[in-house]
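Residue-level listing of the chains:
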Amino acid sequence: MIIDCHAHILPPEIVGDLASFAERDPHFSLLTRTKNARFLTGEDLIRDMDDQGVDRSIVCGFAFKDTGISRLQNDYCAELMRSYPERIAFLAVIDPEAPGALAEVERCLSMGACGVGEIFPAGHGFDLQGGGMKKVAGLCREAGAVVLIHVNELVGHCYPGKGDVGPLAAYRFAVDNPGLTTIFAHFGGGLPFYAAMPEVKDLGHVYYDNAAQPLLYRPSVYLALKDLGILDKIMLGSDYPLLTWTRYVKEIASSGLREGEQEMILGRNAWIVFGKFFRSRAEGNRSQRQNTLD
Ligand SMILES: [Zn+2]
């Protein structure tokens, strides 16, 4: 079972008019100007999942400072979830400090969003410990929902989108928000590599995805995480369409992890967190029968 906890899709009206949407959000503009950047729709994602044997994905758009454009994308993701309830769950995008953000989070949670993300604190210039994020975190905690936050490593080569929010900010957020299931993207900017420290290892509500691993870390990173005893915290997050799932599967297979350990990263860990947000096949059959009865 392969589950991707971090895939980006956009509605066709944004994919077809990237330049004018880029003018409306500096962070999105930066993403569109990144070398080899691609922007694909939900239907593209489903086709690619089928081609590469991916069972389920947690999708999101790209947060905009303009909550109206975030809302457009959230509606699109919700629609995809309704079309493929056994395979697609979605996270709501918002800039937590933007006008209307909280109402949008509440609206999305009531539509069945499994949480909020990907949140870009560096890209949108807000503080993870600030008032907006506190309120978003509170809503998600109460709803039993999840947050997915972009953080990155603060060392190594530079690339567009690499910001200054790293493992320290992630750690502070995690400590401030016990009981909120939190996934830090891109290996939490390195936070899990501190797991030899008990206070980092003991962050029971915190998970990390491996988004962009093949561009950042050698496959041996997975054995290091195993040695630190936190493989149960690591999830596949492709950052679709940045890299193919096949590439992640290959890198994980070449890491030296045993098959069962590879499966934890490829889907079992994500299922523990996100399983409740997917409709089961049995429920699908039931509601199909219901529809025919109707
Ligand atoms: Zn991402």
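Model, not experiment: these values are computed from the prediction. (Residues numbered from 1 in each chain as written. Predicted model: local features only at pLDDT ≥ 70, side-chain atom pairs only at ≥ 80, totals over all residues.)

A.B. asks: Teacher, can you tell me more about the environment of D25 here?
C.D. replies: The residue D25 is located in the loop between helix 2 (18-22) and helix 3 (26-32) in this model. Residues D25 and M1, 24 residues apart in the sequence, show an inter-C-alpha distance of 36 Å. Apart from the residues within four sequence positions on either side, D25 is in contact with F64, K65 and D66. (Helix = DSSP H or I, 4+ residues; strand = E, 2+ residues; numbered from the N terminus. Contact = placed C-beta atoms within 7 Å.)

A.B. asks: Can you walk me through unusual backbone geometry in this structure?
C.D. replies: Where the residue is not glycine, phi is negative for most of them; where a peptide bond is considered, it is trans in most cases. Each neighbour pair has its own omega, and for G117 with E118 the value is -10°, a cis peptide bond. Within the secondary structure, E118 sits in strand 4 (residues 115-119). Cis rather than trans, the peptide bond between Y240 and P241 has omega equal to 5°. Looking at the secondary structure, you find P241 in the loop between strand 8 (234-235) and helix 14 (245-253).

A.B. asks: Teacher, can you tell me more about helix 14 here?
C.D. replies: In an α-helix, one turn spans 3.6 residues, which is why side chains three or four residues apart end up on the same side. Buried within helix 14 we find W245, Y248 and I252. The buried residues of helix 14 occupy an angular sector of 60° when the element is viewed end-on, so they sit on one face. The secondary structure elements touched by the buried residues of helix 14 are strand 1 (3-8), helix 4 (42-52), helix 12 (213-216), helix 13 (221-227) and helix 15 (259-274). (Buried ≥ 20, exposed ≤ 12 C-beta atoms within 10 Å, placed from the backbone. Arc of directions from axis to C-beta.)

A.B. asks: I keep staring at the sheet that holds strand 1 and nothing clicks. Help me out?
C.D. replies: In a beta sheet, neighbouring strands pair by backbone hydrogen bonds and run either parallel or antiparallel. Read from one edge of the open sheet, eight strands run 1-2-3-4-5-6-7-8, paired in parallel fashion. If you trace the sheet from one side to the other, it starts and ends with strand 1 and strand 8, each paired once. The pairing of strand 6 (residues 181-184) with strand 7 (residues 206-209) spans three bridges and is classified as parallel. Counted as the bridge partner of I183 is Y207 from strand 7. (Pairing = 2+ DSSP bridges.)

A.B. asks: I would appreciate a short explanation of the packing of helix 5 (residues 67-83) against helix 6 (residues 101-110) in the present structure.
C.D. replies: Describing two packed helices takes the angle between their axes plus the distance from one axis to the other. Between helix 5 and helix 6, the least distance of the axes is 10 Å, while the angle of their chain directions is 10°. Between helix 5 and helix 6, the interaxial angle falls into the category roughly parallel. Only A101, E104 and C108 of helix 6 make contact with helix 5, whose side of the interface consists of T67, S70, R71 and N74. Among the residues making up the contact of helix 5 with helix 6, the classes are represented as two nonpolar, three polar and two charged. (Axes fitted to C-alpha atoms, helices over the stretch in contact; angles between N-to-C directions. Parallel < 35°, antiparallel > 145°, perpendicular 65-115°, else oblique. Nonpolar A, V, L, I, M, F, W, Y, C, P; charged D, E, K, R; others polar.)

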